[in-house]
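# Examination of the molecular architecture
Here is what each chain is made of, one letter per residue.
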Amino acid sequence: MKHWTDRLESDDGEDPLVRPYTITRGRTAPRRDDLTLITVVTTVEPDEARPAGRRLEPEHRAILELCREPAAVAEIAAELDLPVSVTKILIGDLAALGRVATRPPPAAERGGGMNVEILRAVRDGLQRL
């Protein structure tokens, strides 16, 4: 199976270490402070009446594809092989565009104990980092 980064071909020989800086437009921290490792992200189908906005980077599109099924921030970062901080910035971009919905994990919403399934998913995502 090809990795999503295999689709990123740079004609200008861009250094792969520069890519995170480029896709975040130099930002080093997310504008939102509510995104944690266990925040659940889900793609929202775009409203056809709403303009698409700026062109999305391949990483933004990869997040949209991955989050068709709810996924934790840690899982997304691991799957895309990106630093968590970069992933949070990209998710924040998509949330601002109305392309993803974010919410705390179900256990945090109820104020109860942590959901073991979510903890396993986060653990697995962190192990892939």
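Let me begin by describing the structure that accompanies this report. (Residues numbered from 1 in each chain as written. Predicted model: local features only at pLDDT ≥ 70, side-chain atom pairs only at ≥ 80, totals over all residues. Heavy atoms only, no water.)

## Concerning the pattern of salt bridges
Heads up, the rule is: Criterion for a salt bridge: a side-chain nitrogen of Lys or Arg within 4 Å of a carboxyl oxygen of Asp or Glu. A run of H or I in DSSP counts as a helix once it spans at least four residues, and a run of E counts as a strand once it spans at least two, with each numbered from the N terminus. Buried, partly exposed and exposed residues are distinguished by accessible area as a fraction of the type maximum, computed with a 1.4 Å probe on protein chains only: under 20%, between the cut-offs, and over 50%, respectively.
Using the criterion set out here, one finds 2 salt bridges in the structure. A salt bridge links Arg-68 to Glu-45; its shortest N-O distance comes to 3.1 Å. Placement of the pair is Arg-68 in the loop between helix H2 (58-66) and strand E2 (71-72) and Glu-45 in the loop between strand E1 (40-43) and H2, with a sequence separation of 23 residues. Of the charged contacts, one joins Glu-65 and Arg-68 as a salt bridge, the two residues approaching to 3.3 Å between their closest N and O atoms. Exposure remark for Arg-68: the relative accessible area of 48% places this residue in the partly exposed category. Connected through shared salt-bridge partners, Glu-45, Glu-65 and Arg-68 make up one network.

## Let's talk about the sheet that holds E2
Quick note on the threshold: A pair of strands is labelled paired if DSSP reports no fewer than 2 bridges between them.
Taken in spatial order, the 3 strands of this open sheet run E2-E1-E3, and their pairing is antiparallel. For this open sheet the edge positions go to E2 and strand E3 (100-103), each flanked by a neighbour on one side alone. Pairing geometry for E1 and E3, over 4 bridges, is antiparallel. Within E3, the residue paired with Val-41 across the bridge is Thr-102.

## Notes on the packing of helix H3 (residues 73-80) against helix H4 (residues 84-96)
When two helices pack together, their arrangement is given by the angle between the helix axes and by the axis-to-axis distance. Condition: Lines are fitted to the C-alpha atoms to define the axes, a helix being fitted only along its stretch in contact, and any angle between axes, read from their N-to-C directions, falls within 0 to 180 degrees. Angle categories are assigned with fixed cut-offs, so that under 35 degrees is roughly parallel, over 145 is roughly antiparallel, 65 to 115 is roughly perpendicular, and the rest are oblique. A crossing counts as left-handed when the near helix is turned anticlockwise from the far one by less than a right angle, and as right-handed when that turn is clockwise. Working rule for contacts: check all heavy atoms of both residues, and any pair within 4.5 Å makes them a contact. Lys, Arg, Asp and Glu make up the charged group, whereas Ala, Val, Leu, Ile, Met, Phe, Trp, Tyr, Cys and Pro make up the nonpolar group; the residues left over, Gly among them, are polar.
Close contact between H3 and H4 brings their axes to 9 Å; oriented N to C, the two are set at 110°. It follows that H3 is roughly perpendicular to H4 by the angle criterion. As H3 runs across H4, the sense of the crossing is right-handed. Contacts between H3 and H4 involve Val-73, Ile-76 and Ala-77 from the first element and Val-84, Thr-87, Lys-88 and Ile-91 from the second. Of the residues assigned to the contact of H3 with H4, the class counts are 5 nonpolar, 1 polar and 1 charged.

## Considerations on the pairing of E1
Sheet topology note: the E1/E2 ladder contains 2 bridges and is antiparallel. Bridging from a neighbouring strand, Val-40 pairs with Ala-72 of E2.

## Notes on the nonpolar core
So the rule is basically this: As used here, the term nonpolar core means buried Ala, Val, Leu, Ile, Met, Phe, Trp, Tyr and Cys residues forming a set that is joined through side-chain atoms within 4.5 Å.
Membership of the largest hydrophobic core comes to 21 residues, with the highest contact counts inside it found for Val-41, Ile-63, Ile-76, Ile-91 and Val-100. Elements with a minimum of two residues in this core: H2, H3 and H4. Among the elements that take part in this core, H4 stands out by supplying 6 residues, more than any other.

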